[in-house]
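Summary of the model geometry
Take a look at the letters that make up each chain.
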Amino acid sequence: MSEKLPKKDENFSEWFSTVLSAAEITDFRYPVKGMGIWLPHGFAIRKNVLKIARELHDETGHQEVLFPLLIPESFFQKEAEHIAGFESQVYWVTQGGLSPLEVKLLLRPTSETAIYPMFKLWIRSHADLPVKVYQIVSIFRYETKATKPLIRVREITTFKEAHTAHATLEDLMQELDTAVWIYSSIFDRLLLPYLISKRPDWDKFAGAEYSMAFDTLTPDGKTLQIGTVHNLGQNFAHAFDIQFENETGSHEYVYQSCFGISERVIAALISIHGDDRGLVLPPEVAPFQAVIVPIYYKEKEKEVREVSEQILSKLRKAGLRVQFDDRDDLTPGAKYYYHELRGVPIRVEIGPKDIHANKVTLVRRDTLKKEQVSMKSMIERIQQLLDEITENMKTTAEQKFKERVFSAKNIEEVKKIVTSRSGIVEVSWCGEEGCAHELEEEISGSILGTPVTEKEIAVSECIVCQKPGKVVVRIARAH
Ligand code: 5CA
Ligand code: ZN
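Residues numbered from 1 in each chain as written. Chains lettered and ligands numbered in written order. Predicted model: local features only at pLDDT ≥ 70, side-chain atom pairs only at ≥ 80, totals over all residues. Heavy atoms only, no water.

**Section: the site of ligand 1**
- Lining the immediate surroundings of ligand 1 are 22 residues, of which Glu112, Glu143, Gln225, Thr228 and Ser262 lie closest.
- Take Thr110: an N or O atom from its side chain is 2.8 Å from a nitrogen atom of ligand 1.
- Within the side chain of Glu112, a nitrogen or oxygen atom sits 2.5 Å from a nitrogen atom of ligand 1.
- Judged by its atoms lying within 2 Å of the grid points, ligand 1 is housed in the largest pocket. (Near = heavy atom within 4 Å. Polar contact = N/O pair within 3.5 Å; in protein donor to acceptor, adjacent residues only side chain to side chain. 1 Å grid on protein atoms, 1.4 Å probe; cavity = no way out; pocket = protein on both sides within 12 Å on 5 of 7 lines; lining within 4 Å. Sits in = over half its atoms within 2 Å of the grid points.)

**Structural notes on the coordination of the zinc ion (ligand 2)**
- For the zinc ion (ligand 2), every protein donor is listed as Cys430 (SG), Cys435 (SG), Cys462 (SG) and Cys465 (SG), and the spread of their distances is 2.3 Å.
- Viewed at the metal, the four donor atoms of the zinc ion (ligand 2) are separated by angles of 104 to 117°, and the geometry they form is tetrahedral.
- On the primary sequence, the residues serving as donors to the zinc ion (ligand 2) are separated as C-x4-C-x26-C-x2-C. In this pair, Cys435 is assigned in helix H14 (residues 433-443) and Cys462 in the loop between strand E22 (446-451) and strand E23 (471-476), connecting sequence segments 27 residues apart. (Donors = N, O, S within 2.8 Å, 3.2 Å for Na, K, Ca; no water. Tetrahedral: all angles 85-135°; square planar, octahedral: opposite > 155°, others 65-115°. Helix = DSSP H or I, 4+ residues; strand = E, 2+ residues; numbered from the N terminus.)

**Overview of the layout of surface pockets**
- The calculated volume of the largest pocket comes to roughly 1,200 Å³.
- Surrounding the largest pocket, 45 residues form its lining, Arg141, Arg152, Asp203, Gln225 and Arg264 being those nearest its centre.
- When residues in the lining of the largest pocket are grouped by element, the largest group, seven residues, is from strand E11 (residues 223-233).
- Taken together, the residues that form the lining of the largest pocket break down as 18 nonpolar, 15 polar and twelve charged.
- When residues of the lining of the largest pocket are sorted by domain, at least three fall in each of domain 1 (12-273) and domain 3 (405-476).
- Its boundaries defined by the atoms lining it, the second largest pocket holds a volume of some 280 Å³.
- Along the wall of the second largest pocket there are 17 residues; nearest its centre are His273, Gly274, Asp275, Thr396 and Lys400.
- Secondary structure elements with two or more residues in the lining of the second largest pocket: helix H8 (264-273) and helix H12 (378-402).
- In terms of residue count, the dominant contributor to the lining of the second largest pocket is H12 (five residues).
- Of the residues in the lining of the second largest pocket, the class split is four nonpolar, five polar and eight charged. (Points joined across faces, edges and corners; volume = space filled by probe spheres on them. Nonpolar A, V, L, I, M, F, W, Y, C, P; charged D, E, K, R; others polar. Domains from an automatic or database assignment.)

Worth remembering: the numbers are spatial, not functional.
Here is the structure:
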C-alpha cells in the first residue's frame, strides 16, 4: 500500500507494474507466468469498460454468446494459414484423468475454429444471415516474448471477440465499418487517442484477407495495439464449408469478419491517463466518481459524520457513484493519498469550517485543483466538474499523442525519433516488402501499416529506395 511510485515519464515500466499493485488493480505474483488476478478495484474498472463494450455491440445488432474453451484438434487444423500462425502459441489438453485423450483438445488461442463449425450448422439460407455474435472470455496464448501484466499475458482474461457472417461482400464491408466505429467509440469514451492502420500483408491475422489495427502510445514512446478488425473474406468459409442457399436456390460461401480487444485497453487507460500519484480515471469508468473524506475535530466529529452521510445520500440519489471514507484508523491525508492513487475523479472534503460556512471543498483528481462550493450548488457543480474532467483528460491525452506523431524525410531522422523513444513516424513507401524490412531492421522498429481513415497524406519518394512512393507507412517501436 505504501509502495512509492517511480516517476511515470522517467521509468514507465516500473511505474506501470508498481501502480497495478499499489492501486490494487491486479496481482501478478500468481505462480504461472503470464497469468494474474484481477483485484476488486481492477475488476470494477474492467466491469465498467466491458459495460461500454457490451452496450456498443448490442446496439449495433451483435448478440452475446458463450462457446466452450476447448477445441478439438481436427477443427483447429482446418484453415492452413491459421494453424501456421497460431500453432506455436497453443496450450494442449492431452489427458483426461489417467488416460490419454483420443482426440487432443486445445485451449482456444482465439475462437474462429470453435465458432465456425457451428456457423456451418446454423446457416442454411440467406434468411439466416447475417450472423453477428460476440463473447467475452479467457483465451490462452503461449507467448514467447516477455510477458507483462495486462499488456502481454498468457491467459488473456478479457478477450472480447466478435465473429460475423454475411451474404455479400458489400454487407461484409459495411460490417467492417461498423466494427471500426464500435472500437473508435469505445476508445473515445475511454478518452484514449489512437491511429488506425492497415497492417502490412506479412503481419495480418493468420487466415485473414487483411487486418486493421488500432494503436495507441504508452509514455515510453512504444505503440500498443489495443484492438484489431479483420476482413476474413471467404477463407474460413471455404475451410469450414459455410455455405448458404441464395434467393435463386444456388449455394454460396459466406463472407466473414472478426474483431477483438483485450485487457490491453485497460493497460492503455492506466498508462495514458495516470500520473506520478497514481491512476486518473475517466469519470465514466471510475468505480467511484467521488469520495467523501470527513475531517474530524474532537467535539465536532458527530456533526461532521452526520453531514457527510447526508451528502452521501444526496449524491447517490442524484445518480452518482460515491463512497464515504469513514475509516477511523487513517488521517485525512492518508485517505487523500489512497484515493488519489486509485484515481477517484473528485474528492469531497467536509470539515467543521466547511459546515460552518455551509460549504464543501472539492478537489479534482486530474489537475488537483481545489474549490469551495455552497452546499446548495454542490450536486450541480460535481456533475459539471465530472464533465470538465472528462473534457480535460481527453484534450490532454490527444495533445500528448499528436506531439508524438512525426514525419521524416530520411532514415536517419526516423532512427533519431524512434531511438529517443519519442513515438510514431510517418514516411513515404514504395510498397515493396523488401524496403519495409530494410527500414525495420535499420531502426529496429516495426511497421504499423498504412493509414485507414485519414484523408490523403502527401506522399513523396520511398524513404528506403527513393523510387516514387505509393503510400504513407507508419513505423514505431511496439510493445
Ligand atoms: N480473432 C481475432 C479477432 S477477435 C484475433 O484474435 N485478433 S488478435 O490476435 O489481433 O487479438 C485481438 C487483440 O487482443 C489484439 O489487438 C490485442 O489488443 C489483444 N491481444 C493479443 N494478444 C494479447 C496478449 N498476449 N495479451 C493481451 N492482449 C492481447
Ligand atoms: Zn522502396
